[in-house]
Amino acid sequence: MRPRTLGKIVLGVLTVMCLLTAFYYALDSPDVADLYRSMRGITYSVMALVFATLYRYVED
């Protein structure tokens, strides 16, 4: 297996895992007291966006 293909697989898995974690934290924190969990969800969604952008660069 080529290193580039392995990199695409790893970045794809990281993107999906970050998106699932972001959804979990976003849906788990309806209260104002748990506002930090919403911030975690936003952080994980930004990380997923970064991984998706990196995947796009590796794909070319």
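A quick note: this is a predicted structure, and the numbers were derived from the prediction, not measured.

1. Focus: the overall build of the protein chain
Check the secondary structure of the protein chain and you find two helices and zero strands. Counting all 60 residues of the protein chain, 15% fall into the buried class. Counting contacts in the protein chain only where the partners sit at least 6 residues apart, residues at least 24 apart contribute 61% of the total. Accessible area for the protein chain stands at about 4,700 Å²; split by element, carbon and sulfur atoms hold 70% of it.

2. Overview of the packing of aromatic side chains
Centre-to-centre distance and the angle between the planes together describe a pair of aromatic rings. Applying the stated criterion across every chain, the model contains two aromatic pairs. When the ring of Tyr25 is compared with that of Tyr44, the centres are 5.9 Å apart and the planes differ by 15 degrees; the resulting orientation is stacked. With Tyr25 in helix 1 (residues 3-28) and Tyr44 in helix 2 (residues 35-59), this residue pair connects regions lying 19 residues apart in the sequence. For Tyr25, a relative accessible area of 16% corresponds to the buried category.

3. As for the side chain of Thr15
Of note, Thr15 is situated in helix 1. For Thr15, a relative accessible area of 12% gives the class buried. If sequence neighbours within four positions are ignored, Thr15 has contacts with Ala48, Phe51 and Ala52.

4. Side note on helix 1
Counted at 1.5 Å a residue, the expected span for helix 1 with its 26 residues is 38 Å, and the 37 Å between its end C-alpha atoms agrees. The complete set of buried residues in helix 1 reads Leu11, Thr15, Cys18, Ala22 and Tyr25.

5. Here's the deal with the environment of Ser45
Inspection of the secondary structure assignment puts Ser45 in helix 2. A sequence separation of 27 residues divides Ser45 from Cys18, and the C-alpha atoms of the two residues are 6.5 Å apart. A polar atom in the side chain of Ser45 sits 2.7 Å from the backbone oxygen of Ile42.

Criteria and cut-off values
- Residues numbered from 1 in each chain as written.
- Predicted model: local features only at pLDDT ≥ 70, side-chain atom pairs only at ≥ 80, totals over all residues.
- Heavy atoms only, no water.
- Helix = DSSP H or I, 4+ residues; strand = E, 2+ residues; numbered from the N terminus.
- Buried < 20%, exposed > 50% of the residue type's maximum accessible area, 1.4 Å probe, protein only.
- Contact = heavy atoms within 4.5 Å.
- Areas by Shrake-Rupley, 256 points an atom, 1.4 Å probe, with all protein chains shown as cover.
- Phe/Tyr/Trp six-rings, centres within 6.5 Å; stacked < 30°, edge-to-face > 60°.
- Expected span 1.5 Å × (residues − 1).
- Polar contact = N/O pair within 3.5 Å; in protein donor to acceptor, adjacent residues only side chain to side chain.

Purely spatial values, then, with no claim about function.
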